[in-house]
Structures are given as structure tokens and as C-alpha cells.
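Chain by chain, the residues:
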Amino acid sequence: MSHTVGVRQAQKLKTRQALLDAALELLEHQSLSSLGLREVTRAVGVAPTAFYRHFDGTAALGVALVEETLGSLHGMIGAILAETGDTDERLDRSVRLIARHVTAQPAHFRFIAREQHGGVGQVREAIAAQLRLFTEEVAGVLAEEPESAGWERDDLLMLGGLYVDHMVLTASALLDAGPDGRQEVVRVARRRLRLVTLGRAHWLDAA
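Predicted, not measured: the structure shown is a model, and the values here were computed from it. (Residues numbered from 1 in each chain as written. Predicted model: local features only at pLDDT ≥ 70, side-chain atom pairs only at ≥ 80, totals over all residues. Heavy atoms only, no water.)

Caption draft 1: Region of interest: the packing of helix H6 (residues 106–115) against helix H7 (residues 121–143). Packing of H6 against H7 brings their axes to within 10 Å, and their N-to-C directions diverge by 110°. Judged by the inter-axis angle, H6 sits roughly perpendicular to H7. Residues Phe-111, Ile-112 and Glu-115 of H6 form the contact with H7, whose own contacting residues are Val-123, Arg-124 and Ile-127. The residue inventory of the contact of H6 with H7, partitioned by class, reads four nonpolar, no polar and two charged. (Axes fitted to C-alpha atoms, helices over the stretch in contact; angles between N-to-C directions. Helix = DSSP H or I, 4+ residues; strand = E, 2+ residues; numbered from the N terminus. Parallel < 35°, antiparallel > 145°, perpendicular 65-115°, else oblique. Contact = heavy atoms within 4.5 Å. Nonpolar A, V, L, I, M, F, W, Y, C, P; charged D, E, K, R; others polar.)

As C-alpha cells, then:
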């Protein structure tokens, strides 16, 4: 009995992932607000009613795509920021990580770039929530560094937000640049991060 349940669960997960993959491919050419669930189920080869065994609607499917795209980055970026060593080198590794992810999953990041200000409220909110979480995680790591001695939490959140906004802008720039322009995008991204780091060193002087 347990074996049968396990097989059914595996098949359910497989179908769910197939729906996500099909939706992502269809979203290369349209926005989520114009995507019909029948398009998605037709691409997977399942009945439209099967869609609702996995998602309440296309908005819920969009939220799942947000989590699939951004959720995996949390641990990796957090691990890089938490590493000891030269700050510039850590920031370089963060830029390289974003570049690798965008190169490996361009459709995912195009979806995020389009829907961050798109017409589906639940998805906009899911993206904003993930970016807020990124900001809080980065601020938490920054708070542990000696350079942050004397900083207010609001200022740490502001700095964390600058890093996260830079991550989003870099991902968008990489998508627009294509393979030939990626090296220049990475170079500029590193310089901008270095500028933020230099400003951080003198923030309390200005205060």
C-alpha cells in the first residue's frame, strides 16, 4: 500500500513540475495575466481539471514559479555573504552567482523581470516578499560585521536593500545584454558594488 502511495505522490510531483515547465515556456511569449490554464494543460497533455489538483489558478502557478526561481538563491547568497574574508571578493562571488543563475535559467529570470510590475497582484506580492526576505537576510549578515558597529537597523536594511536592488538590476541587465555583453555587465556590476562598499565605510562619518 505504501509503495502505491509513494508512486502516486511521485507522479503527482512529476505532473506539477511539468505544468510549471510548460507554463514557463509559454510565458516566454506572453504575460501571466494572458495565460490560460487550458494552454498549459494542453502542453502537458492532461485534462484541464487536473490543473486544479496542483494549483488554485494561474496566479498560484505564478507564485510557485517565483518560489522556484528566487527561493533557491537564499541559501547560496547567504552562504557567500557569511563567508569570512575580503569584502570585495565576497561581492564578486555574489555577482558571479547571479550571472551563473541567469545564464542557466534565463526563462525564470525573464518571468521575474516581467511580472515584478505585472498585472497579477499575487505574483507581484510574492516577488516583493522574496526581495524583502533577501533584504532582511543580507542586513542580518551585515549586522554581524565589524564595519557595521554603531549602525541603526533601518540603515542596515537600507544597505541590504541596495545590494538586493543591485542583484535584480544586474539580472535584468544580463538578460538584455545577451552572451556577447555579459562580461561588461559583470564588470560594471562589480564596480557599482565596490562604490556601495566604499560609501558604507564612510556612512557614519556623514551622520
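What follows picks up the thread again.
Caption draft 2: View of the packing of aromatic side chains. Tallied over the full model, the rule gives three aromatic pairs. Judged by centre distance (5.6 Å) and plane angle (45°), the rings of Phe-51 and Phe-55 are tilted. When the ring of Trp-151 is compared with that of Trp-203, the centres are 6.3 Å apart and the planes differ by 35°; the resulting orientation is tilted. Taken as a pair, Trp-151 in the loop between H7 and helix H8 (153–201) and Trp-203 in helix H9 (residues 203–206) lie far apart in primary sequence, 52 residues in all. Judged by its relative accessible area of 33%, Trp-203 is partly exposed. Site record: aromatic cluster; members linked through ring pairs are Phe-51, Tyr-52 and Phe-55. (Phe/Tyr/Trp six-rings, centres within 6.5 Å; stacked < 30°, edge-to-face > 60°. Buried < 20%, exposed > 50% of the residue type's maximum accessible area, 1.4 Å probe, protein only.)

Caption draft 3: Region of interest: empty space enclosed by the protein. Within this structure, the stated rule accounts for four cavities of 30 Å³ or more. Taken as a whole, the largest cavity encloses approximately 180 Å³ of empty space. Considering the residues around the largest cavity, the lining is formed by 14 residues, among which Ile-77, Ser-94, Tyr-163, Met-167 and Leu-193 are closest to the centre. In terms of residue count, H8 provides more of the lining of the largest cavity than any other element does, six residues in total. (1 Å grid on protein atoms, 1.4 Å probe; cavity = no way out; pocket = protein on both sides within 12 Å on 5 of 7 lines; lining within 4 Å. Points joined across faces, edges and corners; volume = space filled by probe spheres on them.)

Caption draft 4: Quick peek at the nonpolar core. Val-66, Ile-77, Ile-98, Phe-111, Val-123, Phe-134 and Met-167 are the most contacted members of the largest nonpolar core, which has 57 residues in total. Every element with two or more residues in this core is listed here: helix H1 (2–26), helix H2 (37–44), helix H4 (58–82), helix H5 (87–104), H6, H7 and H8. No other element matches H8, which puts 13 residues into this core. Beyond its immediate sequence surroundings of up to four residues, Met-167 is in contact with Ile-77, Ile-98, Leu-131 and Phe-134. (Core = buried A, V, L, I, M, F, W, Y, C linked by side-chain atoms within 4.5 Å.)

Caption draft 5: The arrangement of the environment of Leu-169 in detail. Checked against the element boundaries, Leu-169 lands in helix H8. Overall, Leu-169 belongs to the exposed group, its relative accessible area being 58%. Counting along the chain gives 46 residues from Leu-169 to Val-123, while the straight-line C-alpha distance between them is 19 Å.

Caption draft 6: Local environment of the pattern of salt bridges. In total, this model carries four salt bridges according to the counting rule given. Here Arg-110 makes a salt bridge to Glu-28, at a shortest N to O gap of 3.0 Å. Placement of the pair is Arg-110 in helix H6 and Glu-28 in the loop between H1 and H2, with a sequence separation of 82 residues. Given a relative accessible area of 30%, Glu-28 falls into the partly exposed group. Here Arg-187 and Glu-184 are joined by a salt bridge, their closest N and O atoms 2.8 Å apart. Linking Arg-187 with Glu-184, this pair stays in helix H8, spanning three residues, or about one helical turn. According to the relative accessible area criterion, Arg-187 is partly exposed, its value standing at 42%. (Salt bridge = Lys/Arg side-chain N within 4 Å of Asp/Glu carboxyl O.)

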